[in-house]
Amino acid sequence: MDQDEIDLHTIPPDASWGPHTDSAFHGVEFLPENLGEAPNETEMRVNEKYSSLPAEEKGIHIINIRAIEDIGYVQHESTLLNSLSRDPDANCKYGLYFRDGKRKVDYILVYHYKKSSMGRTLTKLIHHNDASARNTKLDHPLPGKGASLDLGESEPQMDYHEDDKRFRREEYESNLTEAGLELERDEDTKIHGVGFVKIHAPWHVLCREAEFLKLKMPTKKVYQINQAHGLLKKINSVIQKITEPIQPKVAEHKPQTMKRLSYPFSREKRHLFDLSDKDSFFDSKTRSTIVYEILKRTTCTKAKYSMGKGEGRKKETALLNKRRKCGKYGITSLLANGVYSAAYPLHDGDYEGDDVDLNDRKLLFEEWASYGVFYKYQPIDLVRKYFGEKIGLYFAWLGVYTQMLIPASIVGIIVFLYGCATVDQNIPSMEMCDQRNNITMCPLCDKTCSYWKMSSACATARASHLFDNPATVFFSVFMALWAATFMEHWKRRQMRLNYRWDLTGFEEEETDKEKLTWKDRFPAYFTNFVGIIFMIGLTFAIVFGVIIYRISTAAALAISSTPSGRSNVRVTVTATAVIINLVVIIILDEVYGCIARWLTQIEVPKTDKNFEERLIFKAFLLKFVNAYTPIFYVAFFKGRFVGRPGDYVYIFHSFRMEECAPGGCLMELCIQLSIIMLGKQLIQNNLFEIGIPKMKKFIRYVKSKRQSSLDHEEHMKKKQRYEVDHNLEPFAGLTPEYMEMIIQFGFVTLFVASFPLAPLFALLNNIIEIRLDAKKFVTELRRPVAVRAKDIGIWYNILRGIGKLAVIINAFVISFTSDFIPRLVYLYMYSENGTMHGFVNHTLSSFNVSDFQEGTAPNDPLELGYEVQICRYKDYREPPWSENKYDISKDFWAVLAARLAFVIVFQNLVMFMSDFVDWIIPDIPKDISQQIHKEKVLMVEVFMKEEQGKVQMLETWKDKEKKKVENWNNHSPRLSRSHSGSLSSCHSYHVDV
């Protein structure tokens, strides 16, 4: 028989079985005592890679059988009572440890297998003595009660695909064992058809990998952190007392006065590190990270596999004797191919219940992931300790962003209240509401629409003043400086975290995955370009469709038989169109996310970091266009290409382009922005994040309950930790979390001139969002693998880009969307008394109704009760009695020149102020810079003392040797010459060392 083959037919049907009990096992153990003919060494080799018990005899397979009645074995009464008195699950803390209760589970691999029709579970704990040899595994279901063990008679039908997966798992797990990891398998679970492989990293593996990964670990050297003195110390003390009620009650959040010096771990310098408690030296986050790195780089190897005789066995052997590999990427490839269904580290334990031991997860749930502590600071250090630096940085950034929204919200509320307080003193809106002016406006559509009074738009004009007032310009400048200050504040906060988390010298090491030429990558790049252009074009087409809907709906409502329908045309059309846009944006966001991932995958980026950055860029580009295209249309295009009465611009020769209200498009822009922003936050960010995970969890619960009802014995068992975590949602990365906040940041900064309350709504959303995300990470998601990171990556560059773009967009919104510039031009160039009286009449042009094109005049010209000769429309054009009637007037060019001048001045002034803020605030706080320098000096001192200690030890040894030589010379002068020569050579040798 070949080395890699297992023939189960060598087991005779009359094999006798003896009891073997142990508290570390879940059931009762049985050993084959008489297997007929003598097996060779390869056939009966013991596989110890899954076991927690030492194999005492070579050639014995230990099989853990759940149902002892299946083979007719009757247990002694004393043995049965002894086994029932112990709870092995409690000994291993319900899955947090191996069966021996000593080795901690650092990682879990999950796979699916097919159970036998008897519904019984065969749990295998197989031992292997030689880690370098190929591992074999007995994996065959035992028959039911009273059945024969002659497997050749009732040979089950084989599933080649499932056996191939099982074979690849065995090879992969064998290589993991060779890498030093310890494994234990468990298929005796409540989850039907799901097996688990528990992984433990022993001490020597942790040390080896920590050195390889250059993990900074705490040394024995402790130093005092520089504290503030004088007045600054008193101020800090007062601030700490004031903020004490809003501080989380965790040890990691308390101010530190002492800090351990950290240094990249080295096995040669283990004496430098604090190894007083080896169990806690590598915490659970670090242990899972180390195991994951081993899983990523471990691959499958060549092997053969056979199950027995017969024609079906020959076909199977021919299929499986091929050379196979798990792929170059280890566990990533195995998960993608379905060999394993999941891989994750375990949570520390339960987070609810009075009898639950205190652990980091429970502490996070109580002090961070609860809505009742929304007013408290986040325990960022504990978040980093449990989830890793990358997730810790995300929540730290989200906390800083939310804090910075507080002053922006206060200023936005002040601007809004200023608009409310001055609305009754606003002369243009008062003129529009004054019915005595008797201004008759031209129809809003052809035929069906009639003439209307400007005073009917009074409410819109008054509402526009709330957001279109002189304070809006100040708020736009303030928000531009706020964005620059926020970025600088975050950089300083990030450096403090890098110092506290020992990331100051950390650099990510990336290795190329694939080396492809530009000819190989050109088809993918071309597909990306065409795909992105198509998606952007699709977004524009949908926005254009919504425009057609607005125009056609407005025309339909204009001929409504009800007066209320005709009077609320603008409100109805705007509200329904915005809701349609919101629904489309939410749907396309999900579609674009999947398309961006697919486009990035076909590019085959060189490194994982490169893959993530390209994915983020594509997803952000598509979602940015999707979210802001309707807003850009209202802000910069609506009402710009309408034409004039008698010469309107038509779409498809049927529909007239939309016009802005007499008060301008700023109010409609505010409505559009507020509904899309609030709708995305409420539906997409909060409802989806709460509802979808709850629904998925409920579906998994129903399925598991339905399956477990088939086996009452399994259903009554308490779930292991890895079973509970398996029912949680897998972690999908931080890209969705960052993306929703970045889009929100755009709403807050890009069009803030039209919606000063945007920071307030963002603040309220983020207060909920922090606790919602925290609860999701602690209770709804499997524990993610901790990833080291020193910054937030490409997201910082995106934020800077949005901040710069916001200056330009707000300049154009103030200049072209609002009436701020036309009011200034009228006030200083055309006003007779230096006031705004007459401004509305100045912005309206006149039209002679006799100049309507044929078929476009109102069907009911006497709807107002009198015959109209001249109607007004908003534009700067020559009157009908002018020689160049209806041409662009010189007032238009004066206003346009003022608008362009304002854009240039505003943009350059605000950019200069932002760069000045960036320059005046240092990126690294002075105290942190001093502490980093102090750490370097202390580390040099530690090594100098170590070298000095070695030299002193050597000198002491040399002195002792000299004394020995002198004593020998005094007692045996005849041997002094020969001994002196040998000792001198010994001295020289040690000095060289």
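Under an unreviewed UniProt entry, the protein chain has the name Anoctamin and belongs to Alligator sinensis. The Sequence similarities (unreviewed entry) field of the UniProt record for the protein chain holds the comment "Belongs to the anoctamin family."

Q: Could you give an account of the overall build of the protein chain, with specific residues and numbers?
A: Broken down by element type, the protein chain carries 30 helices and 18 strands. Relative to its 993 residues, the protein chain shows a buried fraction of 50%. Within the protein chain, residue pairs in contact and separated by at least 24 positions form 81% of the contacts whose partners lie at least 6 positions apart. Of the roughly 48900 Å² of accessible surface on the protein chain, a fraction of 58% belongs to carbon and sulfur atoms.

Q: Give a detailed account of the UniProt feature "transmembrane region" (unreviewed entry) in the protein chain, specifying residues and quantitative values.
A: The UniProt record marks residues 394-418, 471-490, 525-551, 571-595, 615-636 and 741-764 with the feature "transmembrane region" (unreviewed entry), using the residue numbering of this structure. Across residues 525-551, helical content stands at 100% and strand content at 0%; the span's end C-alpha atoms are separated by 39 Å. Helix makes up 67% of residues 741-764 and strand 0%. Its end C-alpha atoms lie 13 Å apart.

Q: Just give me the short version of the packing of helix 15 (residues 470-500) against helix 23 (residues 735-749), but keep the residues and values in it.
A: Orientation of helix 15 relative to helix 23, taken along the N-to-C sense of each, is 145 degrees, at an axis distance of 10 Å. Residue-level contacts link Met479, Trp482, Ala483 and Phe486 of helix 15 to Phe745, Val748 and Thr749 of helix 23. Among the residues forming the contact of helix 15 with helix 23, the class breakdown is six nonpolar, one polar and no charged.

Q: Residues and numbers for a nonpolar patch on the surface, please.
A: Together, Trp518, Phe522, Phe526, Phe529, Val530 and Ile533 line one region of the surface with nonpolar side chains, adding up to about 710 Å² of accessible area. Along the polypeptide, Val530 turns up in helix 16 (residues 518-558).

Q: Break down the packing of helix 15 against helix 25 (residues 794-817) for me, with residues and values.
A: In a pair of packed helices, the angle between the axes and the distance between the axes together describe the arrangement. Between helix 15 and helix 25, the shortest axis-to-axis distance is 10 Å and the interhelical angle comes to 175 degrees. Of the possible angle classes, the one that applies to helix 15 and helix 25 is roughly antiparallel. The residues of helix 25 that touch helix 15, namely those facing Val473, Ser476, Ala480, Met487, Glu488, Trp490 and Lys491, are Tyr796, Leu799, Arg800, Val807, Asn810 and Ile814.

Q: Could you give me a rundown of the sheet that holds strand 10 (residues 342-344), with the residues and numbers involved?
A: Strand pairs in the sheet, formed through backbone hydrogen bonds, run parallel or antiparallel to each other. Read from one edge to the other, the open sheet built from four strands follows the order 6-7-4-10, with strand pairing classed as antiparallel. The sheet terminates laterally at strand 6 (182-186) and strand 10, the two strands that pair on one side only. In this sheet, neighbouring strand axes are inclined to one another by 20 degrees on average, regardless of whether the strands run parallel or antiparallel. Bridging between strand 4 (residues 107-112) and strand 7 (residues 194-200) involves six bridges; their strand directions are antiparallel. Bridge pairing in strand 7 places Val110 opposite Phe196. Taken strand by strand, helix 7 (residues 284-297) contacts strand 4 and strand 7, and its axis lies near 50 degrees from that of strand 4.

Q: So what about the state of the cysteines? Which residues, and what values?
A: Under the defined criterion, the tally for this structure stands at two disulfides. What pairs with Cys433 in a disulfide is Cys458, and their sulfur atoms sit 1.9 Å apart. Because the sign of the S-S torsion sets the handedness, a value of about 95 degrees for the bond joining Cys433 and Cys458 places this disulfide among the right-handed ones. Of this pair, Cys433 sits in helix 13 (residues 427-433) while Cys458 sits in helix 14 (residues 458-467), placing them 25 residues apart in sequence. A sulfur-sulfur distance of 1.9 Å marks the disulfide that ties Cys442 to Cys871.

Q: Describe the packing of aromatic side chains, naming the residues involved and giving the relevant values.
A: As enumerated under the stated definition, the model contains 52 aromatic pairs in all. Ring geometry for Phe522 versus Phe526: centroids 6.2 Å apart, planes at 25 degrees, classification stacked. Linking Phe522 with Phe526, this pair stays in helix 16, spanning four residues, or about one helical turn. For the pair Phe636 and Phe751, a centre-to-centre distance of 6.5 Å together with 40 degrees between the ring planes defines the contact as tilted. With Phe636 in helix 19 (residues 608-636) and Phe751 in the loop between helix 23 and helix 24 (758-780), the pair connects residues that are 115 residues apart, well separated along the chain. Its guanidinium or amino end placed over the ring of Tyr97, Lys104 lies 5.6 Å from that ring's centre, counting from NZ or CZ. If you follow Arg297 out to its NZ or CZ, it ends over the ring of Phe212, 5.3 Å from the centre.

Q: Got a sec to walk through the nonpolar core? Specific residues and values, please.
A: Trp397, Tyr401, Trp482 and Phe751 are the most contacted members of the largest nonpolar core, which has 121 residues in total. With 15 residues, the top contributor of residues to this core is helix 12 (residues 389-422). For Tyr401, the contacting residues outside a window of four places in its chain are Trp482, Phe486, Met741, Gln744, Phe745, Val748 and Asn766. Counting 44 residues, the second largest nonpolar core, distinct from the first, contains Leu181, Val197, Val339 and Tyr340.

Q: Explain helix 11 (residues 380-387) to me, using residue names and the numbers behind them.
A: Buried residues dominate helix 11, accounting for six of its eight residues. All of the buried residues in helix 11 are Ile380, Asp381, Leu382, Val383, Tyr386 and Phe387. On its buried face, helix 11 is in contact with helix 7, helix 10 (360-367), helix 12, helix 15 and helix 24. Immediately beyond the C-terminal end of helix 11, within one or two residues, lies Gly388, with a positive phi of roughly 105 degrees.

Q: Mind laying out the environment of Phe636, listing which residues take part and the relevant values?
A: Looking at Phe636, the relative accessible area reads 19%, which means it is buried. Counting along the chain gives 176 residues from Phe636 to Phe812, while the straight-line C-alpha distance between them is 8.2 Å. The contact partners of Phe636, leaving out residues within four places of it in the chain, are Phe751, Ile809, Phe812, Val813 and Thr817.

Q: So, the pattern of salt bridges: which residues are in play, and what are the values?
A: Tallied over the entire structure, the rule returns 45 salt bridges. Here Glu209 ties to Arg297 by a salt bridge, and the two come within 2.4 Å at their closest N and O atoms. You can see Glu209 sitting in helix 4 (residues 203-213) and its partner Arg297 sitting in helix 7, a full 88 residues away along the chain. The class of Arg297 is partly exposed, set by a relative accessible area of 42%.

About the thresholds
- Residues numbered from 1 in each chain as written.
- Predicted model: local features only at pLDDT ≥ 70, side-chain atom pairs only at ≥ 80, totals over all residues.
- Heavy atoms only, no water.
- UniProt positions renumbered as here; feature names shortened; annotations may be inferred.
- Helix = DSSP H or I, 4+ residues; strand = E, 2+ residues; numbered from the N terminus.
- Buried < 20%, exposed > 50% of the residue type's maximum accessible area, 1.4 Å probe, protein only.
- Contact = heavy atoms within 4.5 Å.
- Areas by Shrake-Rupley, 256 points an atom, 1.4 Å probe, with all protein chains shown as cover.
- Axes fitted to C-alpha atoms, helices over the stretch in contact; angles between N-to-C directions.
- Nonpolar A, V, L, I, M, F, W, Y, C, P; charged D, E, K, R; others polar.
- Patch = residues over 30% accessible without salt bridge, like charges linked within 9 Å, V, L, I, M, F, W, Y side chains within 5 Å.
- Salt bridge = Lys/Arg side-chain N within 4 Å of Asp/Glu carboxyl O.
- Parallel < 35°, antiparallel > 145°, perpendicular 65-115°, else oblique.
- Pairing = 2+ DSSP bridges.
- Disulfide = S-S within 2.5 Å.
- Phe/Tyr/Trp six-rings, centres within 6.5 Å; stacked < 30°, edge-to-face > 60°.
- Lys NZ or Arg CZ within 6 Å of the ring centre and 35° of its normal.
- Core = buried A, V, L, I, M, F, W, Y, C linked by side-chain atoms within 4.5 Å.

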